[in-house]
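As a plain string of letters, each chain reads:
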Amino acid sequence: MFAPLQNDSFLRACLRQATPHTPVWLMRQAGRYLAEYRATRAQAGSFMGLATNTDFATEVTLQPIDRYGLDAAILFSDILTVPDAMGLGLDFVAGEGPKFERHVRDEAAVAALAVPDMDKLRYVFDAVTSIRRALNGRVPLIGFSGSPWTLACYMVEGGSSSDYRAVKTLMYQRPDLMHRILAVNADAVAAYLNAQIEAGAQAVMVFDSWGGVLADGAFQSFSLDYTRRVLSQLHQTHAGQTIPSIVFTKGGGQWLADMQSLDCNALGVDWTVNLGQARALVGDSHALQGNLDPMALFAGPEQVAAEAVRVLEAFGTPHQGDGLGPTHIFNLGHGINQFTPPEHVQVLVDTVHNYSAQMRHV
């Protein structure tokens, strides 16, 4: 059904196998920093118009792959598609970001929550299949979802938040209701990711974007345990291929030892984490993904190259030869900023490929 894969360096690194260079892809690599994305978005008329149209979603997913020599593509979608399919009414307000018509804050709203019919998300799975075909084996395709906790933040707050007051109030005051929301979310996320895998995704990633706002103890109970519940239900193989999984908790570096118990293949870290220390901690159990500060891309080309080298050196030379060992997937510590100069991304990708290949042959 799909063309054979020509560049498997990303998948190999996820599985802690040796690669000729450190693979690189970027969170939000299809986005507003690219003129071609902005043109397609204008054609689509809105963000959801882009995400729900198979042809547009395919086009924008491939734009950064066509422009740069990246080692993986990631599905163009949004983390809030799942709560939208639960009937909460997602809308993107200009200048304000995502908003839900209905909040989940009381017993009745929590009791009404259920894993949505995956047919409501058919547009996502159609996009996955379309993108996979359009890639024609050039690089693997990553599917993704928000984590149960991160989705709950939006569902309770009704949108983005600066202080997480509503969701944390519910968590402390009615932990029973919060656990119920998270259980439904976890099962929904697992079903959603499995459907993406069945549609053609070759790896999947869980974005725990707001796990880092939790207190120690609360993170383990309300975020980590439910990410674990997602992972326990995922397809680990499909159509004869291993499907790697990645978990990224922004602001979660202090919990890497706890995250080491997760049944996933790679752990993403943000720019606050020392990659060498992270490698010493988890290098024998998980690949590591990260962790350039996205703001470093605003410096001049020489500084961008120097920062890329610094990140590669912090991790050190990855595993080489047969068997399994510590491996690194180069990424940003969070999504690329919309004002990033596109030519600086080219410098980054070229530097990562060239310098990491040299590191393996010193």
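All of these numbers come straight from a predicted model, not from anything done at the bench.

Draft legend 1. Broad picture of the pattern of salt bridges. Considering all chains together, one arrives at ten salt bridges under this definition. One salt bridge connects Asp66 with Arg138, and the closest N-O pair in it is separated by 2.9 Å. Separated by 72 residues along the polypeptide, Asp66 in helix H4 (residues 54-67) and Arg138 in the loop between helix H7 (122-135) and strand E4 (141-146) bring together distant segments of the chain. Here the salt bridges share partners, and the residues they tie into one network are Glu107, Arg174 and Asp176.

Draft legend 2. Focus on unusual backbone geometry. With an omega of -5°, the peptide bond between Gly290 and Asn291 qualifies as cis. Relative to the assigned elements, Asn291 resides in strand E10 (residues 287-292). Residues other than glycine seldom take positive phi values, yet Arg16 does so here, at roughly 65°. With respect to the secondary-structure elements, Arg16 resides in the loop between helix H1 (9-14) and helix H2 (35-44). Phi at Ala239 takes a positive value of approximately 50°, unusual for a residue other than glycine. Examined against the element boundaries, Ala239 turns out to sit in the loop between strand E6 (237-238) and strand E7 (241-242).

Conventions adopted
- Residues numbered from 1 in each chain as written.
- Predicted model: local features only at pLDDT ≥ 70, side-chain atom pairs only at ≥ 80, totals over all residues.
- Heavy atoms only, no water.
- Salt bridge = Lys/Arg side-chain N within 4 Å of Asp/Glu carboxyl O.
- Helix = DSSP H or I, 4+ residues; strand = E, 2+ residues; numbered from the N terminus.

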